[in-house]
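Breakdown of the fold
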Amino acid sequence: MYVAEATAHGGRSGYVTSQDGQLELKVAMPPALGGDGNGTNPEQLFAAGFSACFHNALVMVGRRAGLDLSGSTVAAKVGIGPNKQRGYGLAVALSVSLPVLDEDVAAKLVDAAHEVCPYSNATRGNIEVTIVLG
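Values in this document were obtained by computation on a predicted structure and should not be read as measured data.

On the surface, Leu33, Ile80, Tyr88 and Leu90 cluster together into a nonpolar patch covering about 380 Å² of accessible area. As for its position among the elements, leucine 90 is in strand E5 (residues 88-97).

What follows concerns the side chain of serine 120. Within the secondary structure, serine 120 sits in helix H3 (residues 118-123). For serine 120, a relative accessible area of 1% translates into the label buried.

You can see lysine 26 is positioned in strand E3 (residues 24-26). Residue lysine 26 is classed as partly exposed on the basis of its relative accessible area of 48%. Each C-alpha atom, one on lysine 26 and one on serine 13, is 7.9 Å from the other, the two residues being 13 residues apart in sequence. Side-chain polar atoms of lysine 26 contact the backbone oxygen of asparagine 38, separated by 3.5 Å.

The next point concerns the sheet that holds strand E6 (residues 128-133). The strand order across the open sheet formed by three strands is E4-E5-E6, and the pairing between neighbours is mixed. The open sheet has two edge strands, strand E4 (73-82) and E6, and neither has a second partner. Each neighbouring strand pair of the sheet contributes to a mean axis angle of 15°, computed without reference to strand direction. Where E4 and E5 come together, ten bridges link them in antiparallel fashion.

Rules and cut-offs
Residues numbered from 1 in each chain as written. Predicted model: local features only at pLDDT ≥ 70, side-chain atom pairs only at ≥ 80, totals over all residues. Heavy atoms only, no water. Patch = residues over 30% accessible without salt bridge, like charges linked within 9 Å, V, L, I, M, F, W, Y side chains within 5 Å. Areas by Shrake-Rupley, 256 points an atom, 1.4 Å probe, with all protein chains shown as cover. Salt bridge = Lys/Arg side-chain N within 4 Å of Asp/Glu carboxyl O. Helix = DSSP H or I, 4+ residues; strand = E, 2+ residues; numbered from the N terminus. Buried < 20%, exposed > 50% of the residue type's maximum accessible area, 1.4 Å probe, protein only. Polar contact = N/O pair within 3.5 Å; in protein donor to acceptor, adjacent residues only side chain to side chain. Pairing = 2+ DSSP bridges. Axes fitted to C-alpha atoms, helices over the stretch in contact; angles between N-to-C directions.

Structural data, given as C-alpha cells:
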C-alpha cells in the first residue's frame, strides 16, 4: 500500500532525509548516551512514529465502534539499553488518554488498537511494550 524511504548520513551524528524531501533532520546522540544532544535521535523518531500510529489505530477502531474519542492522546517513551546478547535493545511505554470513555470500554479499545497497529504488530514478541491508560 505504501513504502516510506529514508536515508541516514553519518549514523547517530549526522542527518536523515526522506526520499520525498519532507524529512531532513539533524541527528545526534543524546547527552545520556554521551552525545551533545544537538539534534533529534532515532529513539525520538521511533516514539513519534509509534505514538502517531497507535493513536490512529485507536481512532479507527473507536470510529468503527461508534465511540467518542474527543481529547484522546497517545504518548510514547522509547528506552534504549544493553540486552542479554551483548547488543542493545529497545523498550516502549505507551500512555493512552481517553478522557471521555469509561475505563472498561477504554481498555477494550486499547486492546483492539494494539492488535491492528502496525508498530504493535512489528514489535510484538521482539521488545517490551507496556501500555498504560491514564
